[in-house]
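# Secondary and tertiary structure notes
Listed below are the residues making up each chain.
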Amino acid sequence: MNTSLSVEEQIYFEKLVNQGEGERAEKERQTILHERNELKTLLQNASFRRVMWKNLSKCGIYTTTMTGNSWSYHNEGKRAVGLEILNDILLADPNAWILMQQENLLEINSMIESKKK
């Protein structure tokens, strides 16, 4: 597996080991790395990347959540979920995120060009 642990995960597992829970730490570490590797495999599929991009866009990760009313809480909740998913992608395969951005830009440019015709 080419995936790695975040600094926070490394600290967490080190604490478990220091508390005498090395077996539990290793089991949890293996589970995380397995799930991360599965995501990395899925990210190799262009259709999956498009679906993920669409869902992340719905989460509003690059927009403000402030509305001046209670909708801000709802929007911030969606954004928080989107940021968690983005973090998962970046930990599994940072190059996939770059590719997703490039693919989205190509799609936007294609739509612009088709409207010019």
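Each remark here, short or long, concerns the structure printed above.
Remember, predicted model here, so these are calculated numbers, not experimental data. (Residues numbered from 1 in each chain as written. Predicted model: local features only at pLDDT ≥ 70, side-chain atom pairs only at ≥ 80, totals over all residues. Heavy atoms only, no water.)

### As for the packing of helix α3 (residues 46–59) against helix α4 (residues 71–92)
Keep this limit in mind: Geometry is summarised by axes, namely lines fitted to C-alpha atoms with helices restricted to the contacting stretch, and by angles between N-to-C directions that run from 0 to 180 degrees. Helix and strand assignments follow DSSP, with helices taken as H or I runs no shorter than four residues and strands as E runs no shorter than two, numbered in order from the N terminus. A crossing counts as left-handed when the near helix is turned anticlockwise from the far one by less than a right angle, and as right-handed when that turn is clockwise. Contact criterion: two residues are considered in contact whenever any of their non-hydrogen atoms come within 4.5 Å of each other. Classification convention: Asp, Glu, Lys, Arg as charged; Ala, Val, Leu, Ile, Met, Phe, Trp, Tyr, Cys, Pro as nonpolar; all other residues, Gly among them, as polar.
Two elements in contact, α3 and α4, have axes whose closest approach is 8 Å; the angle formed by their N-to-C orientations is 145 degrees. The way α3 lies across α4 gives a crossing that is left-handed. Facing α3, whose interface residues are M52, L56, K58 and C59, α4 presents N75, K78, R79, G82, I85, L86 and I89. Its residues placed into classes, the contact of α3 with α4 shows 6 nonpolar, 2 polar and 3 charged.

### Thoughts on the packing of aromatic side chains
Basically, it comes down to this: By convention, a stacked pair of Phe, Tyr or Trp rings (six-membered ring in the case of Trp) has centres within 6.5 Å and planes under 30 degrees apart, an edge-to-face pair has planes over 60 apart, and any other such pair is tilted.
The final tally for this structure, using the stated rule, is 2 aromatic pairs. Taking 5.1 Å as the distance between ring centres and 65 degrees as the angle between the ring planes, the aromatic pair formed by Y12 and F13 counts as edge-to-face.

### Details of α4
The condition that has to hold: An expected span of 1.5 Å times one less than the residue number is assigned to each helix. With a 1.4 Å probe rolled over the protein chains alone, any residue whose accessible area is under 20% of its type maximum counts as buried; one over 50% counts as exposed, and the rest are partly exposed.
The end-to-end C-alpha distance of α4 is 32 Å, a good match for the 32 Å that 22 residues give at a rise of 1.5 Å each. Buried within α4 are the following residues: S72, N75, G82, L86, I89, L91 and A92. Elements in contact with the buried residues of α4: α2 (22–42), α3 and α5 (94–116).

### Looking at the nonpolar core
As a reminder of what qualifies: Residues belong to one nonpolar core when they are buried, are Ala, Val, Leu, Ile, Met, Phe, Trp, Tyr or Cys, and are joined through side-chain atoms within 4.5 Å.
Counting 13 residues, the largest nonpolar core has L39, L43, L56, I61, I89, W97 and M100 as the members making the most contacts within it. Among the secondary structure elements, those contributing two or more residues to this core are α3, α4 and α5. Among the elements that line this core, the one with the most residues is α3, at 4 residues. Those residues in contact with L43, other than ones at most four positions away along the chain, are F48, R49, I89, A92, D93, A96 and M100.

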